[in-house]
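# Secondary and tertiary structure notes
Chain residues, written in single-letter form:
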Amino acid sequence: MAKITGLGGIFHVVKDPAATRAWYQEYLGIGGEYGPILKWSEEAGEDPYSLVGPFTSNEYFQPSSKEFMINLRVDDIDGMVAQLRDKGIEILGEVDEGYGKFAWFLDCDGVKIELWQQIEGPDAANSD
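A short tour of the structure in this document, coming up. Small disclaimer: the values here were computed from a predicted structure and weren't measured. (Residues numbered from 1 in each chain as written. Predicted model: local features only at pLDDT ≥ 70, side-chain atom pairs only at ≥ 80, totals over all residues. Heavy atoms only, no water.)

### Considerations on the environment of Ile91
Position of Ile91 among the secondary structure elements: in the loop between helix H2 (77–86) and strand S2 (93–96). Linking Ile91 and Phe105, residues 14 residues apart in sequence, is a C-alpha distance of 5.0 Å. Contacts of Ile91, omitting those with residues within four sequence positions, involve Val81, Leu84, Arg85, Ala103, Trp104 and Phe105. (Helix = DSSP H or I, 4+ residues; strand = E, 2+ residues; numbered from the N terminus. Contact = heavy atoms within 4.5 Å.)

### Some thoughts on the side chain of Gln117
Relative to the assigned elements, Gln117 resides in strand S4 (residues 112–118). Given the relative accessible area of 16%, Gln117 is considered buried. Of note is the side chain of Gln117, whose polar atom sits 3.3 Å from the backbone oxygen of Asp75. Beyond its immediate stretch of four places on either side in the chain, Gln117 contacts Val74, Asp75, Asp76, Ile77, Gly100 and Lys101. (Buried < 20%, exposed > 50% of the residue type's maximum accessible area, 1.4 Å probe, protein only. Polar contact = N/O pair within 3.5 Å; in protein donor to acceptor, adjacent residues only side chain to side chain.)

### Section: the packing of aromatic side chains
Within this structure, the stated rule accounts for nine aromatic pairs. Seen from their ring centres, Trp23 and Phe105 are 6.3 Å apart, and the 35° between their planes marks the pair as tilted. A residue pair is termed long-range when its members are at least 10 positions apart, and Trp23 in helix H1 (residues 17–28) and Phe105 in strand S3 (residues 100–106) qualify at 82 residues. Assigned by exposure class, Trp23 and Phe105 land together as buried. For the pair Tyr99 and Phe102, a centre-to-centre distance of 5.9 Å together with 70° between the ring planes defines the contact as edge-to-face. Among the residues examined, Tyr99 registers a relative accessible area of 24% and is labelled partly exposed. Residue Phe102 is classed as buried on the basis of its relative accessible area, which comes to 9%. Each member of the aromatic cluster is reached from another via a ring pair, and the members are Phe55, Tyr60, Phe61, Tyr99, Phe102, Trp104 and Trp116. Just above the ring of Trp116 sits the side chain of Arg73; from NZ or CZ to the centre is 4.9 Å. (Phe/Tyr/Trp six-rings, centres within 6.5 Å; stacked < 30°, edge-to-face > 60°. Lys NZ or Arg CZ within 6 Å of the ring centre and 35° of its normal.)

Encoded structure:
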């Protein structure tokens, strides 16, 4: 039987796609002809995973007014947060949940970005 092998992309409408691509390249160091490209084959760590998570409201995505949020995996969340702050990006919050560390900010289009450093595999994260 055919199966899903991973997240293929996140697609959204913005006013100026070229400016958004440039922002992601400048502030997050990820780019590509059509937008940021993430190569999961470069992911290290024990049992890395992606999550497609439905919500009943966009309260978690606030202060963004968008109906979605983008979660990006990072290998060193403290280092990434420091880099973003050095570039003048306001960090909205940070938390260590044990199974992973998180931080949030808004991109140039007002989309909430959640950074995630995975600490444990999916089985440990769901064992609570």
